[in-house]
Amino acid sequence: MPENTSTEKEKPRIGVFICHCGSNIGGFVDVKAVTEYASTLPDVAYAADNLYTCAEDGLNNIKDSIKEHNLDRVIVSSCTPRTHAPLFQRTCEAAGVNKYMFTFVNIREHCSWVHMKEKEKATQKAKDLVRMGVARARFLEPQEETKVDVTPTALVVGGGVSGMTAALSLANMGFPVHLVEKDEELGGFVKNLHGLMMTTKSANETIKPLIDKVNAHKNITQHLNSHVASVEGFIGNYDISIGGDGAEAKEVKVGTIIVATGAVPLVPEGLFGYKEHPNVITSTEFEELCNKKELPKLKSVAFIQCVGARGQKVSYCSRVCCNVAIKSAINIAENRDNMLGVTEEKAAETGEVVEEPAAEKKAEEEGSDRRRRRRGRGRGDEDEAGEEAAPSSGVEVTVFNRDVMSYGVEHELEFNKAREKRVKFVRYLPDNLPKVSVKDGKLEVGYFHETLKMERTMPVDLVILSTPLVAQPDAATLSQLLKVPLGQDGFFQEAHVKLRPVDFATDGVYVCGTCRGPADISEAVSQAAAAASRASIPLANGFVQAEALTSIVDETKCTGCGTCVETCPYSALRKNEEGITEVIVAACKGCGCCGATCPEGAITMTHYTDQQLLAEAKAALEEV
Amino acid sequence: MTKSVMVIGGGIAGIQAALDLAERGIEVDLVEKLPSIGGRMAQLDKTFPTNDCSICILAPKMADCYAHPSINVMTYSEVKDISGKAGDFKVDVLKKARFVDEEKCNGCGDCFKVCPVSLPNEFDMGMRERPAIYVPFLQSVPRAATIDRAGVAPCSDKCPAGLSAQGYVSLIRAEKFKEAVDLIRRTIPLPSVCGRICHHPCEEGCNRTDVDEPVAIAGLKAFVGDYVREQGEDVPTPIEEERKEKVAVVGAGPAGLAAAYRLALKGFKVKMFEATSKPGGMLWWGIPDYRLPKDVLTAEVDHLLAHGIEIEYGKTVGKDLALADLKKEYDAVFLAIGAHKSLKLGVPGEDIEGVLHGVDFLHRVADKETVKIGKKVAVIGGGNAAMDAARTALRMGSDVTVIYRRTKDEMPAIAAEIKGAEEEGVKFEFLASPVNIQGKDGKITAIECIRMKLGEPDQSGRPRPVPVDGSEFTVEVDTVIPAVSQAPDLDALGSKDLAVTKWKTLEVNPGNLSTNIPGVFAGGDAVSGPASAVEAFAAGNKAARYIEKSLNGESIEPEPEEKNEHVITLEDIKARMDGDIPKSERVLRQHIPDDKRKTSFEEVERVFTKEEALKEAARCVNCGPCSQCEACAIACGPNAIDYNMKDQVVTLNPGAVIVATGFDVWDPTSASEYGYKKYPNVYTAMEYERMINASGPTGGHIVRRSDGEHPKKLAFIQCVGSRNPQVGHPYCCSVCCMHATKEAMLAREHYEDANSTIFYKDMRACAKGFNEYIERAKSDYGVSYINSDATVQENAETNNPVVVFDVGGKQQTEEFDAVVLATTLVPRKDTIELAKKLGLKLTEFGFFESPDSILDFGKSDLPGIYLAGYCAGPADIPESVAQGSSAAAKAAEVLANSGGG
């Protein structure tokens, strides 16, 4: 007898509230009939229809019915959980029903709105959907949400502009930061450059204030000549081992991690005469020569863009190279900082400018010149500059490009300025690359003039190859340590290309700067501050709350095969000391991948148990 | 110190900033100008380079933002003023009245269906219409409706009874005739009658007056009253609650009828006492059949009486029953006895036979009495009674001259009446005033007049007529009908207790129409002296309101009658329409043949046919634009509509401010070489974006404006207005190359036979996955790219746009089915104004300036104010999101260092 009583007690008491949503549902679904039907379903203790369940009286109806009919689970059959589930969950909780004992059945978007022309079928489908909801609700269980404490310290990997900016922002918010830099000093890629875009200050001058602030900040602990050696833990509780050159590893505890390891320029082995002629250099090498004031005497300089990029060695456009070339071209044209070299012997190598035939010139002037000027900067700008006028420095500068990527305001204005300085921009197509060759000991560039449709040759003193930024060679190692993905180009892959640009899918780890893809300084800095914002959220809260929607491992069934650990996109599973999988509740998103792949059926999801889902599926197939 | 942050702009950048801050426990006020958050991203169909559905990825963020306990989303709100400094700003935010309770509204859309007003839907780039009550798009957050109400239409404002004229005109246009009559009846109990006889100040106010001619508002009212009755739809309103209190209404003129009807609807037991044998007062006795057929009046009065109103005819209070007795028997009394006593001219000879006073004359004619008048009739006066008398006398076969002491311009009669009289052959003797009436053998022979001239304006503002000495002249007549004025016949009331004014009208408290005797109210001509029917209706309504209050035991203290809503001007409408209002001819009411007009009492002006009415109603320019027809309030299940909602100013105290106001799309009409608006099949990229969206104006179909066909061959022209110093946009918008590529891909996804060509200057596909995207467009979607400037002409026969471009210096042309222009993205229109309020600097192109754009992009030139998204310069979605988070970090730093956060 006592057994019976207990069964009686535990028998679910489901309340079903079916909404007319004005005429949105009521106009197409016979809501009264669905309500009547719902009341006949097993364990349904109460069923009612509301004109608007979300309106005050609808919500009161739910609360009152919970008390009056002693309901222990609630179904609202109405619109979309996206907008309304939180409202009904709060209502349930206010009446003492755990929010996980609530379930939603969408008979508007999923039913009435798509079956406006078949009212009978819509009503039948609504009944089916309600029956499925009831079947699942019978197996609902209350859940407790868990909180995990967070160590309020951050780790930033990379001491370039991005890493420094992120570290400084976090430090300014009051959080201790460990800044790990593999080099012996801060500054990253930028410290090797001569000048920067959008400023006349030198690169070092520009970033010095940032370095000074980082050096001075009490919340930032720098680890130079160091790297991340190992990572254990999960959001809020990472144990990091920082290795140094020969030094003993340091152990730090952090709550969140920002990856800002930067990128390196592609070395254009075998392309455009690189390494075959000393005056064929990369744009990065050009910066270094400028810094050292070791440039040869120049009368004519050619930039070749997209060297190895856009479908050659790499598929992507490296975003920054055109604007770097524009900056350098302007510097050369203006002979800014007296950057041009003094070595007399190199002057002998300079060739002479080949005069263009008069006929060609005439052809150039025809066509759409007038319209182009009126409309602003069109293409074929090489024609506009003409040969008769050289830049004030007396150096011819030609930029061979596929498209000039001077996007936005500042870059485009710089592009315009370069052309005002008589820098020529000559387009080439990928199936007709410029050719760098040496003739009579002199360097020359051969190219196909796209407007005139003919081959031409130009003697030059210096060829600067703009090569794309590529991923750091050790990015893969770090990605494995942090269990965060790399994209196909080897750059770190953010969680969502549009809406989560500085997050990883794994909570607690963030990314910024050129290690996630080419970006100029201003963009990298925005991303860095963004990453700081994202990384500081758990630190500021001091805890992370996990929705009680996680996987559960049945230890008796788990064989420790590790399939789930591999599968989990959030690194929320790990093997414990006994080799059995355990769930890191704070990291689990409840996506169910592990449950689906577990060969032993040892993993289920809370709130979406196999039992619940099967009941729902069976109910769907039930003949009525 | 404050712990909150204000974010201005609810696009993706603002949403991201708000969410970042809120998630770390900082309170956020998100201020959005439009009724929904979501910004431009919500308008996009897909996003490059993954072709994810834009709203599908955005909507959850919008919902999260709105539902977040730490985010106060203030939509339909604008920053008014800001002061203070980083860590402690004071911001006044104008929360505009949306006239819908955001909490109660569940977004069901029942109101959208009943709203009679149609306006261009801004969200769909004006490519389809939306009602005046609306949510901008299906996934709007909050999904609470907003009433687009910029003010009151002048027609509605001018109506003495406060009837929303725009409301019923809109309802008529939407063919909601019954609803129109219901709306009219809520103010004017006799729609057909009022539509015929009203002096329609509404039409004088009409904003169309200065464009062409006012909308025939009164005529529409007459139409709809008749139409609904003829359709048999004019059934009485069920009385919801029966009341035991009894009310006596004395006088069945417009004031009495209005009051009786209102009180009957409220369930009171109403009994009317009418001195004559017919209902309607002056409507029956004073207005001849050719203006108001008696059957129309009878039908409309019957409708009112059908609400359980008892009426007793031939009962004069003061004669047949005493006011004191009424007072005893009834819980309240309303006196609406009108002004039926003709005032005399006060000249010698007025008592000679053949002098018939205007109102008495009309009364007797109405009573079918045989009234004898002579061959030559002089009518004295310039009001409506004079016109009615003159036109009636004319129809009785007399030669009629109207003698009026001022000129035609000063005549108080309705213009249509004067015009009618003139058309029918009534003569006018202006600037003349009777001196005496001459008679012989007890019969009139002539009337002597004196010439007048116009002097200084008198109290009424009209020039005072001054007699010209020695200018007397005589007009030979045998009948004189003075119709100068009327007064209430108070003696007949026989009550010594009622207070009376010096003008011999009943004295009342104008605020509630109560007389000095408690429980006795009065209104209409008896209080005001002779006035219009519509004013009498208004008085009846008002009396009913206060009688009800008094019977409810409530205070009858007059409520303030504030009328301070902005009255919409023609300029307002022009600004809204971005230009002039197209002219459209007023539909004229047909007249019966001229010969009939002189001989019969048949109604002169024919009421509009349904077709005429719809045509005329369509001329309304939706001043409000909400017409205040109340249809939404009636339809609203949760009672969320609140017409009395007022704009509010909310003062916020944020420690930091984030500006994320986004961009506008430049209108390329002025760049005529692209043919936008000139050639139908030229679209802007944003228009295309809305078209290709499944929930857009064409349901996801790309259709040609010219013929509705799907274009098979599309051209996309890049940099329209941008990278172009001539139009002031030398910059590159950063997103259009990818955007056009996406749109070209989508064309192929929608139609297998669609081919696209993109004309570009530089294909700027320079972020993660972008170059690969272009390559995919070429290889998998057949998109061609031509490196050339391009302009547009048209093949006039096919309406096919012809693109002119050049390759290798040679000009070429190619015909396409449609052209899509990648127009410049520019700062929001109101950026300058906002910058002024915030004290921020703008760049030469109008973007907010970020002084250290290298190492501290997003920091404005003022501490504590940060920038995010397109308002700080071109940026795509992920950049805007990153900038949103970045600005959040900077704001959080400020709070951390100002003692908050």
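Model, not experiment: these values are computed from the prediction.

## Quick word on the overall build of chain B
For step 1, the next point in the chain: Across its full length, chain B carries 28 helices and 39 strands.
For step 2, the next point in the chain: Counting only C-alpha atoms, chain B reaches 110 × 65 × 55 Å along its principal axes.
For step 3, the next point in the chain: Taking all contacts inside chain B whose residues are at least 6 apart in sequence as the whole, residues at least 24 apart take part in 71%.

## Here we look at the overall build of chain A
For step 1, the next point in the chain: Helices and strands together make up the secondary structure of chain A, namely 20 helices and 28 strands.
For step 2, the next point in the chain: In chain A, which comprises 624 residues, the share counted as buried stands at 53%.
For step 3, the next point in the chain: At a minimum sequence separation of 6, the contacts of chain A that also span at least 24 residues come to 72%.

## Description of the interface of chain A and chain B
For step 1, the next point in the chain: In this assembly, 72 residues from chain A lie in contact with 71 residues from chain B.
For step 2, the next point in the chain: Those elements giving two or more residues to the side of chain A that touches chain B turn out to be α4 (81–94), α7 (161–172), α8 (203–216), α13 (369–375), α15 (410–420) and α17 (521–541) of chain A.
For step 3, the next point in the chain: A total of 15 residues in the side of chain A that touches chain B trace back to one element, the largest contributor, which is α17 of chain A.
For step 4, the next point in the chain: Counted by class, the side of chain A that touches chain B contains 29 nonpolar, 26 polar and 17 charged residues.

## Quick look at the sheet that holds strand β36 (residues 810–815) of chain B
Residues and elements named next belong to chain B.
For step 1, the next point in the chain: As summarised here, the arrangement of the 3 strands in space is β34-β35-β36, forming an open sheet in which the pairing is antiparallel. The strands lining the two open edges of the sheet, one partner per strand, are β34 (790–795) and β36. The average angle at which neighbouring strand axes cross in this sheet is 30 degrees, direction not considered.

## What to know about the domain arrangement of chain B
For step 1, the next point in the chain: Domain annotation for chain B reports domain 1 (4–96 + 650–662 + 828–897), domain 2 (97–149 + 629–646), domain 3 (150–235 + 568–583 + 622–627), domain 4 (239–343 + 489–557), domain 5 (344–484) and domain 6 (668–824).
For step 2, the next point in the chain: With centres defined by C-alpha atoms, the gap from domain 1 of chain B to domain 3 of chain B works out at 42 Å.

## Topic: the sheet that holds strand β28 (residues 656–659) of chain B
Residue and element names in this part refer to chain B.
For step 1, the next point in the chain: Spatially, β5-β2-β1-β28-β39 is the arrangement adopted by the 5 strands of the open sheet, whose pairing is parallel. Single-partner strands in this sheet number two, and they are β5 (71–74) and β39 (865–867). Neighbour-to-neighbour, the strand axes of the sheet open up by a mean angle of 20 degrees, direction not taken into account.
For step 2, the next point in the chain: One ladder, built from 3 bridges, connects β28 with β39; its direction is parallel. Residue Ile-658 lies in a different strand from β39, and its bridge partner there is Tyr-866.
For step 3, the next point in the chain: Packed onto the sheet, helix α1 (residues 12–23) meets β1 (4–8), β2 (27–31), β5 and β28 and runs at close to 165 degrees relative to β2.

## Some points on the domain arrangement of chain A
For step 1, the next point in the chain: Taken as a whole, chain A is organised into domain 1 (11–143), domain 2 (154–262 + 472–544), domain 3 (280–468) and domain 4 (547–606).
For step 2, the next point in the chain: Computed from C-alpha atoms alone, the centre-to-centre distance between domain 1 of chain A and domain 4 of chain A is 32 Å.

## Section: the confidence of the model for chain B
For step 1, the next point in the chain: Taken residue by residue, chain B gives an average pLDDT of 93. The fraction at 70 or more is 99%.
For step 2, the next point in the chain: Both scores are given for the predicted complex: the pTM is 0.86, the ipTM 0.84.

## Notes on the environment of Asn-192 of chain A
For step 1, the next point in the chain: Locating Asn-192 of chain A in the fold gives a position in the loop between β7 (177–180) and α8.
For step 2, the next point in the chain: For the pair Asn-192 of chain A and Ala-203 of chain A, spaced 11 residues apart in sequence, the C-alpha to C-alpha distance is 7.9 Å.

## Some points on the nonpolar core
For step 1, the next point in the chain: If you look at the biggest cluster of nonpolar residues, it comprises 441 residues, and the most contacted ones within it are Ile-258 and Val-463 of chain A together with Phe-334, Val-379 and Ile-658 of chain B.
For step 2, the next point in the chain: The biggest single contributor to this core is α17 of chain A, with 12 residues.
For step 3, the next point in the chain: Excluding residues within four positions of it along the chain, Ile-658 of chain B makes contact with Val-5, Val-7, Ile-8, Gly-14, Ala-17, Tyr-866, Ala-868, Ala-887 and Ala-891 of chain B.
For step 4, the next point in the chain: Grouped together as the second largest cluster of nonpolar side chains are 47 residues, Ile-14, Leu-129, Val-130 and Leu-140 of chain A included.

## Side note on the confidence of the model for chain A
Residues and elements named next belong to chain A.
For step 1, the next point in the chain: Here chain A averages 87 in pLDDT, while 89% of its residues score no lower than 70.
For step 2, the next point in the chain: Residue range residues 1–8 is modelled with pLDDT below 50. Its contacts to residues more than four positions away, or to other chains, number 0 contacts.
For step 3, the next point in the chain: Across residues 341–388, where pLDDT falls below 50, the model places 67 contacts with residues more than four positions away in sequence or in other chains.

## Some thoughts on the environment of Pro-434 of chain A
Residue and element names in this part refer to chain A.
For step 1, the next point in the chain: Along the chain, Pro-434 turns up in the loop between β17 (424–427) and β18 (435–439).
For step 2, the next point in the chain: Its 20 C-beta neighbours within 10 Å are what place Pro-434 among the buried residues.
For step 3, the next point in the chain: Sequence separation between Pro-434 and His-449 is 15 residues, and the spatial gap between their C-alpha atoms is 9.9 Å.
For step 4, the next point in the chain: In this structure, Pro-434 is in contact with Ile-304, Phe-400, Tyr-428, Val-445, Gly-446 and Tyr-447, ignoring residues within four places of it in sequence.

## As for helix α14 (residues 358–366) of chain B
Residues and elements named next belong to chain B.
For step 1, the next point in the chain: Gly-358, Val-359, Phe-361, Leu-362 and Val-365 are the residues of α14 that are buried. All buried residues of α14 lie within an arc of 160 degrees about the axis, which places them on one face of the element.
For step 2, the next point in the chain: Where α14 is buried, its residues contact α11 (282–285), β16 (341–342), α15 (384–395), β24 (479–482) and β25 (486–487).
For step 3, the next point in the chain: Remark: Lys-368 follows α14 within two positions and exhibits a positive phi of approximately 60 degrees.

## Focus: the pairing of strand β37 (residues 818–823) of chain B
Residues and elements named next belong to chain B.
For step 1, the next point in the chain: Among the 6 residues of β37, 6 are classified as buried, and the element is accordingly described as predominantly covered.
For step 2, the next point in the chain: The side-chain alternation of β37 yields two buried faces, one formed by Ala-818, Val-820 and Ala-822 and the other by Val-819, Leu-821 and Thr-823.
For step 3, the next point in the chain: As judged from the 3 bridges shared by strand β30 (residues 682–684) and β37, these two strands associate in the parallel manner. Paired with Val-682 across the strands is Val-819, a residue of β37.
For step 4, the next point in the chain: Of the pairings in the sheet, the one linking strand β31 (residues 713–720) to β37 comprises 5 bridges and is parallel in character. What sits directly across from Val-720, in β37, is Thr-823.

## A word on the packing of α15 of chain B against helix α16 (residues 415–424) of chain B
All names here are of chain B.
For step 1, the next point in the chain: Two elements in contact, α15 and α16, have axes separated by 10 Å at closest approach and are oriented at 25 degrees. Here α15 is positioned roughly parallel relative to α16, judged by the angle of their axes. Here the hand of the crossing between α15 and α16 comes out left-handed. Residues Asn-384, Met-387, Ala-390, Arg-391 and Leu-394 of α15 lie in contact with α16, whose contacting residues are Glu-417, Ile-418, Gly-420, Ala-421 and Glu-424.

## Overview of unusual backbone geometry
For step 1, the next point in the chain: A cis amide bond links Val-141 of chain B with the next residue in sequence, Pro-142 of chain B, at an omega value of 0 degrees.
For step 2, the next point in the chain: With respect to the secondary-structure elements, Pro-142 of chain B resides in the loop between β10 (133–134) and β11 (146–147).
For step 3, the next point in the chain: Here Gly-624 of chain B and Pro-625 of chain B are connected by a cis peptide whose omega angle stands at -10 degrees.
For step 4, the next point in the chain: Relative to the assigned elements, Pro-625 of chain B resides in the loop between α22 (610–617) and α23 (631–635).
For step 5, the next point in the chain: Non-glycine residue Asp-43 of chain A carries a positive phi angle of around 70 degrees.
For step 6, the next point in the chain: Look at Asn-70 of chain A: it is not a glycine, yet its phi comes out positive at around 55 degrees.
For step 7, the next point in the chain: Along the chain, Asn-70 of chain A falls in the loop between α3 (56–68) and β3 (73–78).

## So, the pairing of strand β6 (residues 154–157) of chain A
Residue and element names in this part refer to chain A.
For step 1, the next point in the chain: Here β6 shows no split at all, with Ala-154 and Val-156 on one side and Leu-155 and Val-157 on the other all buried.
For step 2, the next point in the chain: For β6 and β7, the ladder comprises 4 bridges, and the chain directions are parallel. When the sheet's bridge partners are listed, Val-157 is paired in β7 with Val-180.
For step 3, the next point in the chain: For the crossover that starts at β6, traverses α7 and ends in the parallel β7, the hand is right-handed.
For step 4, the next point in the chain: Relative to strand β12 (residues 256–259), β6 runs parallel, the two being bridged by 4 bridges. Looking at β12, one finds that Val-156 is bridged to Ile-258.

The rules we used
Residues numbered from 1 in each chain as written. Chains lettered and ligands numbered in written order. Predicted model: local features only at pLDDT ≥ 70, side-chain atom pairs only at ≥ 80, totals over all residues. Helix = DSSP H or I, 4+ residues; strand = E, 2+ residues; numbered from the N terminus. Contact = placed C-beta atoms within 7 Å. Buried ≥ 20, exposed ≤ 12 C-beta atoms within 10 Å, placed from the backbone. Nonpolar A, V, L, I, M, F, W, Y, C, P; charged D, E, K, R; others polar. Pairing = 2+ DSSP bridges. Axes fitted to C-alpha atoms, helices over the stretch in contact; angles between N-to-C directions. Domains from an automatic or database assignment. pLDDT = per-residue confidence, 0-100. Core = buried A, V, L, I, M, F, W, Y, C linked by C-beta atoms within 7 Å. Arc of directions from axis to C-beta. Parallel < 35°, antiparallel > 145°, perpendicular 65-115°, else oblique. Left-handed = near helix turned anticlockwise from the far one by under 90°. Right-handed = clockwise from strand over helix to strand, strands pointing away.

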